[in-house]
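Structural description and commentary
In case you want the letters, here they are:
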Amino acid sequence: MSKTEKLTLQAVQKVSKLARLKLTDSEMTSIQNQLSAVLENFEQIAQVNTDEVRPLVTPTEITQVLRPDVVEDFDSEKILANAPEKAGRLFKVPPVV
Amino acid sequence: MEQLSLLEIRDGVRAKKFTAVEVAQHFLDRISKHDKAINSFVTINDRALEEAKAFDQAGDFSGSLAGVPIAVKDLLCTDGLKTTACSKMLANYIPPYDASVVTRLKKAGAIVLGKTSLDEFAMGSSNENSFFGPVKNPWNHDFVPGGSSGGSAAALAARLAPGAIGTDTGGSIRQPASFCGVFGIKPTYGRVSRYGIISFASSLDQAGPMARTTKDCAIMLEAMSGKCKNDSTTSNEAVPQWSTKIRQDLKGVRIGLPREYFSESIDADVTKATLEAITALKARGAMTVEINLPLVKHAVSIYYLIATSEASSNLARYDGVRFGYRSEKAPDSLDDFYASNRGEAFGSEVKRRIMLGTYALSSGYYDAYYSKAGQVRRLLRDEFLEAFETCDVILSPVATTPAFKIGSRISNPLEMYLNDIFTTSTNLAGLPGMSVPVRFSSTGLPIGVQLMATHFNEQSIFDVSAALEEDFRAGEKAPHGI
């Protein structure tokens, strides 16, 4: 793994697009600096030898649990009550075209 | 009544010394009297008295938490009761269901008093990142209560509830417990269902009890634990009755002292607390074993990569379509709509973590960051498992310092993150870990020590905790004016 260079502003802008996160210019700059510091700190683990080591994604041994895909307990009124906007029994969003 | 333990309150309700309504009323009164200064609750359950009355009338006091009022971190969904994660994003969200943990506690007879503050989406170590304002440490209002379960810890210390629920992703139960002088345990990963708990980092998150005695924690954890059909990561492992098996004679118990945990720059009072705890345990017949955990020095780095990666994925659901905050601004495009809703509603720490996680998972960086972190995570877990072949419980500080001043670290995230050095490894390895109050700093702030054990061995932790509780009685003292 190569040494991380300081993140460019363009890279930060690209990530904010990927994350669907609108950031102000000052947020961009402060995140650019802070992320660079965190990633630089992460560089320390590059020296750990991990050849042939499987990544650990969940800390205890678990097996896949399957169940029939049936609807239980479902109150659509309660769920719709949290919608910012709705039309009848549908979620409504503003027109975007 | 507020000085009674949770267990004493339950026994009092069972013996009809007082009713569940009287108990709930007492604590609600205390909240309205004392919480303005502390800000630990964000929502009071306005049906608490009604629920207590229904409980009294039903007359079944057999539940292990019969009539006990509890505070619940505002990260756990409560049916019909606002659940905000202390974010502008969910400021008006009313869940249509209870988290499994809440269902189980209610089934055991607990009455939910209200919802306690946290760092937004549990991201933080100081409770300064709450949309509803910082929580004050009841021991000194200029200091943070810790985080992210800062509201639960502060409410307990201020005797506003005899028991509380927290969640812990990298230390969020243990660090505030230490800062506020209460007990708190993060159980083994898989002990407690995550269903209905607003997800931060799914492979690290666990809910756990916080209380003012070891036994109270054990009793609450018994009620919370066990397989849940709605969370496939819950374990089939039997749930022992820890509270009835606590032994305080520690003859032959091996206490592991990780060399690495004592070499960091640690506050003198914290070192003193840790050494005094070791001396006390030795006096009870425990023996100490020096252990090596060389990878622990990387835990914070691995943790922030993994936690933020999982968070960036978990928080993708907040788009302002079906629930949550929606921008007033007319969007130019669908992406613009999502980006505005999210950009306006998330606080700066949440944004920072989503950005880090998105970067770590993005094309070209995944192997270097997320995969690499996962590989070192496995090696770290194996190191702990090896250490537990030579010891029963590992003892360490909880945090490098006692509570710090509000505002003193918020501008430097890296410094704030390094504060989590002793707690994050337990989550990465899935191990149980507990904070036990031991003494006070020279400035009167509480300090706890951390106890860790191997997977599903919460019993050894409770045994050692009960011994420290009896020797130091540090959880009995109440803050001034409370």
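Reading the values: rules and limits
- Residues numbered from 1 in each chain as written.
- Chains lettered and ligands numbered in written order.
- Predicted model: local features only at pLDDT ≥ 70, side-chain atom pairs only at ≥ 80, totals over all residues.
- Helix = DSSP H or I, 4+ residues; strand = E, 2+ residues; numbered from the N terminus.
- Rg over C-alpha atoms; globule rule 2.2 N^0.38 Å.
- Buried ≥ 20, exposed ≤ 12 C-beta atoms within 10 Å, placed from the backbone.
- Contact = placed C-beta atoms within 7 Å.
- Pairing = 2+ DSSP bridges.
- Axes fitted to C-alpha atoms, helices over the stretch in contact; angles between N-to-C directions.
- pLDDT = per-residue confidence, 0-100.
- Nonpolar A, V, L, I, M, F, W, Y, C, P; charged D, E, K, R; others polar.
- Arc of directions from axis to C-beta.
- Expected span 1.5 Å × (residues − 1).
- Parallel < 35°, antiparallel > 145°, perpendicular 65-115°, else oblique.
- Left-handed = near helix turned anticlockwise from the far one by under 90°.

Quick word on the overall build of chain A
Per the secondary structure count, chain A includes 3 helices and 2 strands. Its C-alpha radius of gyration of 22 Å places chain A more than 25% over the 13 Å reference for a compact globule of 97 residues. C-alpha extents for chain A along the principal axes are approximately 55 × 45 × 20 Å. Counting only residues that meet the buried cut, chain A has 16% of its 97 residues in that class.

Here's the deal with the overall build of chain B
A count of helical and extended segments in chain B gives 16 helices and 11 strands. Its C-alpha radius of gyration of 21 Å places chain B within 12% of the 23 Å reference for a compact globule of 482 residues. Projected onto the principal axes, the alpha-carbon positions of chain B cover approximately 70 × 55 × 45 Å. Looking at the 482 residues of chain B, the share that counts as buried comes to 62%. Taking as baseline every contact in chain B between residues at least 6 positions apart, the subset at least 24 positions apart corresponds to 77%.

Some words on the sheet that holds strand E3 (residues 111-116) of chain B
Residues and elements named next belong to chain B. One open sheet holds the 11 strands; their spatial order is E1-E3-E2-E4-E6-E5-E10-E11-E9-E7-E8, and the pairing between them is mixed. One side of each edge strand has no neighbouring strand; the edge strands of this open sheet are strand E1 (41-44) and strand E8 (287-291). Within the sheet, the average angular offset between the axes of one strand and its neighbour, ignoring direction, is 30°. Along the sheet, helix H2 (residues 20-38) makes contact with E1, strand E2 (69-73) and E3, crossing E3 at roughly 20°.

Remarks on the confidence of the model for chain B
Mean pLDDT over chain B: 96, with 99% of residues reaching 70 or higher. In the predicted complex, the global pTM is 0.96; the interface-specific ipTM is 0.93.

Considerations on unusual backbone geometry
Residues and elements named next belong to chain B. Note the cis peptide between Gly147 and Ser148, where omega equals 10°. Relative to the helices and strands, Ser148 is located in the loop between E3 and helix H5 (150-157). Phi is positive for Asn127, close to 65°, though the residue is something other than glycine. As for its position among the elements, Asn127 is in the loop between E3 and H5.

Focus: the environment of Ser327 of chain B
Residues and elements named next belong to chain B. Here Ser327 shows up in the loop between helix H10 (299-314) and helix H11 (334-345). For Ser327, a count of 20 C-beta atoms within 10 Å corresponds to the buried category. In contact with Ser327, other than residues within four places in its own chain, are Gly320, Ser340, Asn341 and Glu344.

Here we look at the interface of chain A and chain B
Each side of the interface is counted separately: chain A has 42 residues, and chain B has 57 residues. The class makeup of the residues in the side of chain A that touches chain B is 28 nonpolar, 8 polar and 6 charged.

Side note on the pairing of strand E10 (residues 433-440) of chain B
Along a regular strand, successive side chains alternate from one face of the sheet to the other. Residue and element names in this part refer to chain B. The element E10 is largely enclosed, with a buried count of 6 among its 8 residues. Of the strand pairs in this sheet, E10 and strand E11 (residues 446-452) are connected by 7 bridges, and their pairing is antiparallel. Within the sheet, the bridge partner assigned to Gly433 lies in E11 and is Met452. Hairpin remark: E10 followed by E11, antiparallel, with 5 residues in the connecting loop; positive phi at Gly444, about 85°.

Digging into helix H1 (residues 9-18) of chain A
For H1 of chain A, the set of buried residues is Val12, Val15 and Ser16 of chain A. Within H1 of chain A, the buried residues cover an arc of 100° as seen down the axis, which keeps them to one side. The inward-facing, buried residues of H1 of chain A abut helix H2 (25-42) of chain A together with helix H12 (348-361) of chain B. One or two residues past the end of H1 of chain A sits Arg20 of chain A, with phi positive at roughly 50°.

Some details on H2 of chain A
Residue and element names in this part refer to chain A. Across its 18 residues, H2 extends 26 Å between first and last C-alpha, which sits within 8% of the 26 Å expected from 1.5 Å per residue. Of all the positions in H2, only Ile31, Leu35, Val38, Leu39 and Phe42 are classed as buried. Along the long axis of H2, the arc covered by the buried residues comes to 95°, so they all point the same way. In H2, those exposed residues whose orientation departs by more than 90 degrees from the buried face are Asp25, Ser26 and Asn33.

Some points on the packing of H10 of chain B against helix H13 (residues 367-387) of chain B
All names here are of chain B. Following both chains from N to C, one finds H10 and H13 inclined at 130°, their axes separated by 9 Å at the closest point. Between H10 and H13, the crossing angle belongs to the class labelled oblique. Judged by the sense of rotation from one axis to the other, the crossing of H10 with H13 is left-handed. Between H10, through Ala299, Ile302, Leu305, Ile306 and Ser309, and H13, the contact on the second element is made entirely by Tyr369, Tyr370, Ala373, Gly374, Val376, Arg377 and Leu380. Within the contact of H10 with H13, the residues separate by chemical class into 9 nonpolar, 2 polar and 1 charged.

Here's the deal with the environment of Ala154 of chain B
All names here are of chain B. Its location among the elements puts Ala154 in helix H5. Between the C-alpha atoms of Ala154 and Lys136, which are 18 residues apart in sequence, the distance is 7.4 Å. Residues within four places of Ala154 in sequence aside, it is in contact with Ile38, Ser40, Val135, Lys136, Asn137, Pro138, Pro145 and Cys180.

Some remarks on the confidence of the model for chain A
Low-pLDDT stretches of the model should not have their predicted coordinates read in fine detail. With 95% of its residues at a pLDDT of at least 70, chain A reaches an overall mean of 88. Averaged over each element, pLDDT in chain A is lowest for H2 of chain A (89) and highest for H1 of chain A (95).

Some points on the environment of Phe404 of chain B
All names here are of chain B. Locating Phe404 in the fold gives a position in the loop between strand E9 (393-397) and helix H14 (413-418). Of the residues examined, Phe404 has 23 C-beta atoms within 10 Å and is grouped as buried. Distance in space between the C-alpha atoms of Phe404 and Thr43 is 26 Å, their sequence separation being 361 residues. Once you skip the residues sitting within four places of it in the chain, Phe404 turns out to touch Phe143, Val144 and Arg409.

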